[in-house]
Amino acid sequence: LENLNFEAKPGQTIGIIGGTGSGKSTLVNLIPRFYDVSEGAVLIDGQDVRSLPLDDLRQSVGIVMQKAVLFQGTIYDNILWGNEDATEEEVIQALKDAQAWEFVSAKEQGIYTKVEQGGRNLSGGQKQRLSIARALVRRPRILILDDSTSALDYATDAKLRKAIRELTYHPTTFIVSQRTSSICYADEIIVLDDGEVVGIGNHEQLMEQCPVYQEIHQSQFQDRKEA
Ligand SMILES: Nc1ncnc2c1ncn2[C@@H]1O[C@H](COP(=O)(O)OP(=O)(O)O)[C@@H](O)[C@H]1O
Ligand SMILES: [Mg+2]
């Protein structure tokens, strides 16, 4: 990543878009320090993340990785991994916000349904929603969704975004996506191309000024119309 400079204000939603390998995951992984910068700095409330106790930092960040990781155990166990002190009620609320409650509650054992190793008995979209619930149950100050709604249909993705906007604790949210429909409402969108920022702005501004963004948007708009 080079020449990247932006600020996310508390409660804002930041969209990050760009092709495969453009550096989207690298960028968001700098926040919970899965990597550290080689130059420059990532600051939270004006403090360099490298100066914060790692436990505190990780506690305040809820990150949903690109590949959903579920382990053998109940759905409940899997969600508690995000916050072991969460009550059953809080787990159910997180499942509702993550748009997972409908399919979980339809199962005979509900939140006590067994998840097989790697989540083999769940669909891709179900796994993604459980991973999101796990991040939400922690009520994070910073929420990061790294391409974690790619298996959801447009309607469910839209419902999820609405639920996130309505969270009472207003996390600062980073949404990484390859689809403009998932990030076009964001306060600020960062367009990456091969590790470089080729556009920063809201949807309207980028549609006017950023050819890379226009191209992504138009190709998908065409796809959707055809679908
Ligand atoms: N751990 C790593 N070590 C070295 N290079 C990496 C590592 N992870 C990713 N990369 C490279 O960095 C670039 C950006 O990757 P990534 O951030 O995963 O992109 P995106 O999420 O936009 O698909 C790619 O060229 C990728 O091969
Ligand atoms: Mg990625």
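Residues numbered from 1 in each chain as written. Chains lettered and ligands numbered in written order. Predicted model: local features only at pLDDT ≥ 70, side-chain atom pairs only at ≥ 80, totals over all residues. Heavy atoms only, no water.

## Brief notes about the coordination of the magnesium ion (ligand 2)
Bound to the magnesium ion (ligand 2) are the protein donor atoms Ser 25 (OG) and Gln 66 (OE1), situated 2.0 to 2.5 Å from the metal. Of this pair, Ser 25 sits in helix α1 (residues 24-29) while Gln 66 is found in the loop between β4 (61-64) and β5 (73-74), placing the two residues 41 residues apart along the sequence. Note on Ser 25: relative accessible area 22%, which makes it partly exposed. A residue is classified by how much of its surface remains accessible, and Gln 66, at 43% relative accessible area, is partly exposed. (Donors = N, O, S within 2.8 Å, 3.2 Å for Na, K, Ca; no water. Helix = DSSP H or I, 4+ residues; strand = E, 2+ residues; numbered from the N terminus. Buried < 20%, exposed > 50% of the residue type's maximum accessible area, 1.4 Å probe, protein only.)

## Thoughts on the site of ligand 1
Taken together, Gly 19, Thr 20, Gly 21, Ser 22, Gly 23, Lys 24, Ser 25, Thr 26 and Tyr 35 make up the full set of residues adjacent to ligand 1. Here Ser 22 contributes a backbone N or O atom positioned 3.2 Å from an oxygen atom of ligand 1. Between ligand 1 and the protein, one listed contact pairs an oxygen atom with a side-chain N or O atom of Lys 24 at 2.8 Å. Coverage of ligand 1 by the protein chains reaches 47% of its 560 Å² of free accessible surface. (Near = heavy atom within 4 Å. Polar contact = N/O pair within 3.5 Å; in protein donor to acceptor, adjacent residues only side chain to side chain. Areas by Shrake-Rupley, 256 points an atom, 1.4 Å probe, with all protein chains shown as cover.)

## Concerning empty space enclosed by the protein
Under the counting rule described, the total for this entry stands at one cavity of 30 Å³ or more. In this model, the largest cavity occupies a volume close to 30 Å³. In this structure, the largest cavity is lined by Leu 30, Tyr 35, Asp 36, Val 37, Ala 41, Val 42, Val 49 and Arg 50. (1 Å grid on protein atoms, 1.4 Å probe; cavity = no way out; pocket = protein on both sides within 12 Å on 5 of 7 lines; lining within 4 Å. Points joined across faces, edges and corners; volume = space filled by probe spheres on them.)

## Points about the packing of aromatic side chains
In total, this model carries two aromatic pairs according to the counting rule given. An angle of 85° between the planes, with centres 5.8 Å apart, marks the rings of Phe 71 and Trp 81 as edge-to-face. With Phe 71 in the loop between β4 and β5 and Trp 81 in the loop between α3 (75-80) and α4 (88-97), this pair connects stretches of sequence that are 10 residues apart. Judged by relative accessible area, which is 32%, Phe 71 ranks as partly exposed. When the ring of Tyr 76 is compared with that of Tyr 112, the centres are 5.4 Å apart and the planes differ by 70°; the resulting orientation is edge-to-face. Remark: Tyr 112 occurs in the loop between α5 (101-105) and β6 (114-115) and Tyr 76 occurs in helix α3; sequence separation between them is 36 residues. Relative accessible area serves as the criterion here: at 15%, Tyr 76 is assigned to the buried category. A residue is classified by how much of its surface remains accessible, and Tyr 112, at 38% relative accessible area, is partly exposed. For the cation-ring pair, Arg 165 lies above Tyr 185, with the distance from its terminal atom to the ring centre recorded as 5.2 Å. (Phe/Tyr/Trp six-rings, centres within 6.5 Å; stacked < 30°, edge-to-face > 60°. Lys NZ or Arg CZ within 6 Å of the ring centre and 35° of its normal.)

## A word on the pairing of strand β9 (residues 188-193)
Where strand β1 (residues 13-18) lies against β9, five bridges are found, and the strand directions are parallel. Paired with Gly 15 across the strands is Ile 189, a residue of β9. As paired strands, β9 and strand β10 (residues 196-201) are joined by five bridges and run antiparallel to one another. Within β10, the residue paired with Leu 192 across the bridge is Val 197. Turn length for the β9-β10 hairpin, with the two strands adjacent in sequence and antiparallel, is two residues, and the turn residue Asp 194 shows positive phi of about 50°. (Pairing = 2+ DSSP bridges.)

## Examining the sheet that holds strand β8 (residues 172-177)
Pairing within the open sheet is mixed, and its six strands lie in the order β4-β7-β8-β1-β9-β10. At either margin of the open sheet sits one strand with a lone partner, and together these are β4 and β10. Sheet twist, expressed as the mean angle between neighbouring strand axes with direction ignored, is 15°. Sheet topology places strand β7 (residues 142-146) next to β8; five bridges connect them, and they run parallel. Looking across to β8, one finds that Asp 146 is bridged to Val 176. With respect to the sheet, helix α6 (residues 124-136) is in contact with β4 and β7, its orientation differing from that of β4 by roughly 175°. (Axes fitted to C-alpha atoms, helices over the stretch in contact; angles between N-to-C directions. Contact = heavy atoms within 4.5 Å.)

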